[in-house]
Amino acid sequence: MKRSYVNEITPEMDGKEVLVKGWVYEIRDLSNVKFVLLRDYTGMIQLVANKKETPEEIFKKIPKISIESVVVVKGIVKKSKIAKKGVEIVIKDVDVLSRAETLPITVSEKGIKIDMSKRLDFRSIDLRKQENQAIFKIQSALTYGMIEWLNKNGFTQVFTPCLMGASSESGAEVFKIKYYNTEAFLRQDPQLHRQLTILGGIEKLYDIGPSWRAEKSNTSKHLCEHRTCAVELAFLKDETDTMRIEENVVISALKNAKNTCKEELKILGVEIKIPETPFPELRFPELYEILKSMGKKIKDGEELDAEAEKLIWEYVKKKYKTDFYFFNRFPSVIKPFYVMRVDEDPTYARSVDLNCRGLELSSGGQREHRYEKIISQAKETGADLKGLEWFTKFFKYGAPPHGGFALGIERLTQVILGIDNIRKTVLFPRAPDRLLP
């Protein structure tokens with residue numbers, strides 16, 4: 001008999017024999033009646049055994065099945081006014097495929113609050129929670145929405161290297177690894193190879209994959225390994241072209257999650273609102289003036305701290321009534337050598353961050369494509385010109401104006417679902433204090 005998934009079983013199937021498979025979530029033994037909640041990847045359904053309709057040997061077997069054991073059940077679909085789905089399955093046969101031992105953590109948190117660190121120690125069991133599975137189904141839908149829009153609009157998916165022969169950015173720490181008889185690094189961002197691919201003539205591209213940063217940041221929004229949807233395109237007018245692309249990518253992601261994950265959003269108690277475009281754009285140095293008016297003084301040329309980001313979010317909420325907004329024209333002194341500066345005022349760069357509710361989701365903007373400018377800016381930052389030659393030399397052979405962004409998939413998931421810690425948005429998170437499981 002072909003397997004039926006929980007979400008396929010409806011009251012209209014009343015009287016039909018079905019085969020279901022999954023994990024035993026709960027058993028209630030009421031002497032003459034026994035209820036089993038069975039969970040599979042698509043949801044949960046009530047199974048019922050009674051002395052009239054269930055074979056005696058199966059009836060006696062049910063209370064001995066341990067919680068979270070994996071079972072196969074044959075039964076008859078029955079309409080029910082009491083069951084949550086309006087339907088239940090009367091058990092005819094049960095086969096235990098894998099008996100579970102006593103769990104180190106509960107799959108349910110009813111009345112029990114377990115420390116997140118312990119849950120992550122036993123992550124494979126923790127992932128069985130419907131709330132956790134909902135997170136990753138929604139994350140998948142968000143990612144698919146991005147890909148769908150990019151594919152429809154002529155972008156080519158590419159795969160750039162994760163191993164680097166030289167550090168891709170200055171300033172941030174990197175993970176060093178042994179590579180045969182030499183040293184290599186895990187990439188901090190796929191950007192430089194995306195740029196070289198643009199120079200190779202692939203004018204519109206995106207790259208979905210992992211990046212690594214070795215800062216020892218044990219915060220609710222940092223990871224040592226994270227994933228991005230990184231987009232690059234050629235022949236820009238200026239950095240605002242990247243903003244218009246990113247808006248469309250984000251909205252497509254949100255619409256897809258909203259349309260395809262109704263049940264998962266319900267489980268998490270989340271409503272997705274589709275923002276209007278264009279997203280508000282706030283530029284430096286005006287940002288400093290806004291903060292000053294709110295009682296927060298930051299010197300020109302300095303980065304915004306967490307308090308400043310929170311204040312700007314309050315400002316945007318009040319003035320624009322939206323969750324998504326861009327920061328643009330960052331001080332060039334805090335940006336890498338490859339970012340294009342504003343020719344009329346080189347103290348500011350064509351550098352763009354997308355923010356949502358006070359959280360940075362992406363970094364990007366327009367890249368410098370003029371060879372002489374790249375070299376000049378690299379010298380200013382004290383970069384090793386010889387070590388950068390693998391990248392910079394190609395700009396001597398014809399480079400179109402280009403730019404892009406890298407949108408954090410976990411960050412987007414976290415902010416859309418209102419999750420308190422980004423580690424919950426990763427199957428097996430990597431952080432300064434966690435490398436297993």
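The model shown is predicted, which means the values in this text are computed figures rather than measured ones.

Considering the overall build of the protein chain
Alright, step 1. If you tally the helices and strands in the protein chain, you get 12 helices and 18 strands.
Alright, step 2. Looking at the protein chain as a whole, 52% of its 437 residues are labelled buried.
Alright, step 3. As displayed, the protein chain offers around 22,000 Å² of accessible surface, 51% of which is attributable to carbon and sulfur atoms.
Alright, step 4. If the 72 positive side-chain charges of the protein chain are averaged to one point and the 63 negative ones to another, these points end up 5 Å apart.

Concerning the environment of Lys393
Alright, step 1. Mapped onto the elements of the fold, Lys393 is located in the loop between helix H11 (389-392) and strand S18 (402-408).
Alright, step 2. Classification of Lys393 as partly exposed rests on a relative accessible area of 33%.
Alright, step 3. In this structure the C-alpha to C-alpha distance between Lys393 and Lys296, which are 97 residues apart in sequence, comes to 43 Å.

Considerations on a nonpolar patch on the surface
Alright, step 1. Taken together, the side chains of Leu163, Tyr179 and Tyr180 make up a nonpolar region of the molecular surface, amounting to roughly 350 Å² of accessible area.
Alright, step 2. Inspection of the secondary structure assignment puts Tyr180 in the loop between strand S8 (176-179) and strand S9 (182-186).

Considerations on the pairing of strand S4 (residues 70-79)
Alright, step 1. Looking at chain direction, strand S1 (residues 17-29) and S4 are connected through 7 bridges and run antiparallel. Pairing of Glu17 across the sheet is with Ile76, part of S4.
Alright, step 2. Note: S4 against strand S5 (residues 87-98), 10 bridges, orientation antiparallel. Paired with Lys79 across the two strands is Val87, which belongs to S5.

A few points about the environment of Glu26
Alright, step 1. For Glu26, the position within the fold is in strand S1.
Alright, step 2. On the accessibility criterion, Glu26 (24% relative accessible area) is partly exposed.
Alright, step 3. Separated by 82 residues in the primary sequence, Glu26 and Ser108 place their C-alpha atoms 9.6 Å from one another.
Alright, step 4. Contact partners of Glu26, with chain neighbours within four places excluded, come to Phe35, Val36, Leu37, Ile67 and Lys110.

Cut-offs applied
Residues numbered from 1 in each chain as written. Predicted model: local features only at pLDDT ≥ 70, side-chain atom pairs only at ≥ 80, totals over all residues. Heavy atoms only, no water. Helix = DSSP H or I, 4+ residues; strand = E, 2+ residues; numbered from the N terminus. Buried < 20%, exposed > 50% of the residue type's maximum accessible area, 1.4 Å probe, protein only. Areas by Shrake-Rupley, 256 points an atom, 1.4 Å probe, with all protein chains shown as cover. Lys, Arg positive; Asp, Glu negative; His and termini not counted. Charge placed at Lys NZ, Arg CZ, Asp CG, Glu CD. Patch = residues over 30% accessible without salt bridge, like charges linked within 9 Å, V, L, I, M, F, W, Y side chains within 5 Å. Salt bridge = Lys/Arg side-chain N within 4 Å of Asp/Glu carboxyl O. Pairing = 2+ DSSP bridges. Contact = heavy atoms within 4.5 Å.

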